[in-house]
Amino acid sequence: MAITCAQRLPISSAVMGLPKGVTPFSKEYANKSGVAAYRMFLPESICHRKPPKVVDGGVQWKFDGRGEESELETFLITIPRGRTAGGMGAIITHDDRLLLDVSRDFSGTHHLFKQLTLPRCRKVAGRVAVLASAGGNAVFHWLTDSLPRIEILRRILPGGLNSLDYFVVNSGIPVIQESLAMLRIPAEKIILADASTHIQADELIVPSLPGISGNPPRWACDFLRETFLPQRAALTPSPRIYISRAGARYRRIVNEEAVLAQLTRCGFVPVRLEEHSFAEQIALFAGAEAVVSPHGAGLTNLLWCNPGVGVLELFSPDYVNVCFWAIANQVGLDYHYLTGSGDVPSAGTDPHQVQANITVPLGALEYSMNRLLNR
C-alpha cells in the first residue's frame with residue numbers, strides 16, 4: 001500500500017491525518033505490542049456441507065467444491081487506548097495502525113485510506129466493545145457477522161456483557177435496535193457508528209469476526225437460535241410461506257402473479273417481511289414447514305427454521321450467491337434451488353448482476369415443488 005501525505009504527518013491520526021500503516025493480524029499485534037491482550041475463542045476448523053438439490057441435477061459452479069469450508073480461528077483482543085473509526089467498526093491500534101483482520105472492508109482499498117483525514121476523535125472513558133462491521137447496517141451481515149460477536153464477549157470476558165460500558169454498533173435497519181433490546185443491552189450503552197465516528201477508549205474490546213462473510217459457523221448459528229428463538233412473537237404462521245420481494249427495488253420475480261398462482265395451489269401463503277417486526281419474522285420461519293423465496297436478505301431468517309424444513313431458493317442466472325445454502329447446512333435444512341430463465345453463464349464466469357430480476361420457469365418450478373413437498 002502506497003504511503004500518502006496524510007500518513008506521513010508526524011502526529012497521530014487521533015489528531016490529524018490517517019493511520020500510519022496496516023497490521024494484518026491481531027495475534028501478531030498482541031505478541032509484539034506488549035500492551036494488547038489476545039485470547040482465543042475457538043480454533044480453526046472445517047465445516048462439511050451437503051450438496052444442494054437442483055432440477056437438472058447439474059450443480060451450478062459456485063456450489064461446486066464447497067462441500068468442505070475452512071472456519072477461521074476466532075478470538076478477543078483488548079487494546080488499551082485503542083480507537084474505532086467510521087461506520088464499519090475499523091480498528092486502530094495504540095501505535096496508530098489499522099488492524100486489518102478486525103476491520104473488514106469489501107472494497108479493494110480500505111475506506112479509511114480513501115480520505116484526507118479521520119473525523120475528530122473523542123475520548124470515551126471505560127471499556128468499549130466493537131460490534132459494527134462492514135455490511136452490518138443490513139440484515140444478513142448484522143445477524144451473521146456483527147451480532148455473533150456478542151457470544152465471544154459473553155464467553156471470554158469475566159463479568160460478561162455487564163463488564164462493558166459501551167457497545168459500538170452499526171446504524172441502519174430496525175433489526176439492530178430490536179435485537180439489542182432482546183439482548184437487554186441498555187440504550188444508553190449503545191454508540192451508533194457512522195461516517196463521523198472516531199473514538200478512543202480506555203480499553204477497546206474487539207471480538208473477531210465470526211468467520212468468512214457468507215459462511216457463518218455453526219457456533220454463531222447456535223448462539224442466534226438459542227438467544228432469539230425463545231423471544232419470537234406469539235403468532236401462528238402458515239406452514240408454507242413464499243417470501244415476496246414485490247416491494248423491493250430490485251431482484252423481484254418478473255412473473256410473480258403466475259408463480260403465486262402455482263404456489264397457492266400448493267398451500268403457500270405470500271409474506272412481505274418488511275411488514276413484520278424482527279420477533280414476528282422469527283416466528284414466521286420457526287413455524288414453517290416449507291419456504292420458497294427469491295435470493296434476498298429475508299432468507300437470513302432460515303436461521304430460525306426447524307431442522308428438516310424444505311427450502312427452495314430462486315436465482316437469476318446472472319447472480320448466484322451460496323450464503324443461504326451455507327446457513328441451511330448449519331441449521332440442518334433440506335435445501336433446493338432453481339435458476340431462472342435466461343442464458344446461463346459458463347462455469348467460472350460471474351456476471352455478478354446483484355440487482356437482476358428473476359423470471360421463474362413454471363415447468364421447472366412445478367417439478368421443484370414436487371421434490372420439495374414429497375420428500
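Residues numbered from 1 in each chain as written. Predicted model: local features only at pLDDT ≥ 70, side-chain atom pairs only at ≥ 80, totals over all residues. Heavy atoms only, no water.

1. Here's the deal with the packing of helix α4 (residues 149-156) against helix α6 (residues 218-228)
- At a minimum axis separation of 9 Å, α4 and α6 run at an interaxial angle of 85°. When the axes of α4 and α6 are compared, the pair comes out roughly perpendicular. Contacts from I150, E151, I152 and R154 in α4 reach W219, F223 and T227 in α6.
- Partitioned by chemical class, the residues of the contact of α4 with α6 number four nonpolar, one polar and two charged. (Axes fitted to C-alpha atoms, helices over the stretch in contact; angles between N-to-C directions. Helix = DSSP H or I, 4+ residues; strand = E, 2+ residues; numbered from the N terminus. Parallel < 35°, antiparallel > 145°, perpendicular 65-115°, else oblique. Contact = heavy atoms within 4.5 Å. Nonpolar A, V, L, I, M, F, W, Y, C, P; charged D, E, K, R; others polar.)

2. Focus on helix α3 (residues 139-146)
- Most of α3 is tucked away, with seven of its eight residues classed as buried.
- Buried residues of α3: F140, H141, W142, L143, T144, D145 and S146, and no others.
- Residues of α3 that are buried make contact with α4, β11 (166-170), α5 (174-182), α6, α8 (278-286) and α9 (323-331). (Buried < 20%, exposed > 50% of the residue type's maximum accessible area, 1.4 Å probe, protein only.)

3. Some words on the layout of surface pockets
- Considered as a void within the structure, the largest pocket measures approximately 1200 Å³ in volume.
- Among the secondary structure elements, those contributing two or more residues to the lining of the largest pocket are α3, α5, α8, β16 (290-294) and α9.
- There is about 340 Å³ of room inside the second largest pocket.
- Lining the second largest pocket are 16 residues, and of these F25, L72, E73, F75 and D101 sit closest to its centre. (1 Å grid on protein atoms, 1.4 Å probe; cavity = no way out; pocket = protein on both sides within 12 Å on 5 of 7 lines; lining within 4 Å. Points joined across faces, edges and corners; volume = space filled by probe spheres on them.)

4. Quick notes on helix α7 (residues 256-265)
- Inspection of α7 places E256, V259, Q262 and L263 among the buried residues, and these make up the whole buried set. For α7, the buried positions fall inside an angular range of 125° around the axis, keeping them on one side. In α7, the exposed residues that point more than 90 degrees away from the buried face are E257 and R265.
- Considering only its buried residues, α7 is in contact with β14 (240-243), β16 and α10 (362-373).
- Following α7 by one or two positions, G267 adopts a phi angle in the positive range, close to 90°. (Arc of directions from axis to C-beta.)

5. Here's the deal with the packing of aromatic side chains
- For the structure shown, the criterion picks out 11 aromatic pairs.
- When the centroid spacing of 6.3 Å and the interplanar angle of 75° are considered together, the rings of F228 and W304 count as edge-to-face. Taken together, the residues span a long stretch of sequence, with F228 in helix α6 and W304 in the loop between β16 and β17 (310-315) at a distance of 76 residues.
- Overall, F228 belongs to the buried group, its relative accessible area being 0%.
- Judged by centre distance (5.8 Å) and plane angle (70°), the rings of F315 and Y337 are edge-to-face. Here Y337 lies in strand β18 (residues 334-339) and F315 lies in strand β17, a separation of 22 residues in the sequence. (Phe/Tyr/Trp six-rings, centres within 6.5 Å; stacked < 30°, edge-to-face > 60°.)

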